[in-house]
Amino acid sequence: MSLKLITSKLKEKHPHMTKEELKNITKDVFEATKQIIEEKKYISISTFGTFKLKTRKGRMIKLPKSEKTIQVPEKQYVSFKKLF
């Protein structure tokens, strides 16, 4: 779902607000969510679900074409578990 689609859906429910205002509010919500996940490692929204920051371990992989082995570094990603 794109920011444009979210803004359009919100515009249907809140016709008195401009699309620009709704776009800014949506961006602010996503930015706040991102900051909370980075600080607390998770965020739980009671009627929606839980976002958690997880770490994928580093590992060695083999490239099929060249048969070279390379190191893939550890990285973080956000997982989501829906409530129902």
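Up top you'll find the structure we're talking about.
Given the structure is predicted, the values throughout are model-derived calculations rather than measurements. (Residues numbered from 1 in each chain as written. Predicted model: local features only at pLDDT ≥ 70, side-chain atom pairs only at ≥ 80, totals over all residues. Heavy atoms only, no water.)

Caption draft 1: Broad picture of the sheet that holds strand E2 (residues 49–56). Reading across from one edge, E1-E2-E5 is the order of the three strands in this open sheet, with antiparallel pairing throughout. Both edges of this open sheet fall to strand E1 (42–45) and strand E5 (75–82), since each of them pairs with a single strand only. Neighbour-to-neighbour, the strand axes of this sheet turn through a mean angle of 20°, independent of strand direction. Note that E1 and E2 share four bridges and pair antiparallel. Counterpart to Ser 44 in the pairing with E2 is Thr 50. Contacts between helix H2 (residues 19–40) and the sheet are confined to E1, E2 and E5, with E1 contributing the most and set at about 125° to the helix. (Pairing = 2+ DSSP bridges. Helix = DSSP H or I, 4+ residues; strand = E, 2+ residues; numbered from the N terminus. Axes fitted to C-alpha atoms, helices over the stretch in contact; angles between N-to-C directions. Contact = heavy atoms within 4.5 Å.)

Caption draft 2: Structural detail: the environment of Thr 50. With respect to the helices, strands and loops of the structure, Thr 50 is situated in strand E2. Considered as a pair, Thr 50 and Lys 19 are 31 residues apart in the sequence and their alpha carbons are 28 Å apart. Filtering out sequence-adjacent residues up to four positions away, Thr 50 remains in contact with Ile 43, Ser 44, Ser 79, Phe 80 and Lys 81. Of note is the side chain of Thr 50, whose polar atom sits 3.4 Å from the side chain of Ser 44. (Polar contact = N/O pair within 3.5 Å; in protein donor to acceptor, adjacent residues only side chain to side chain.)

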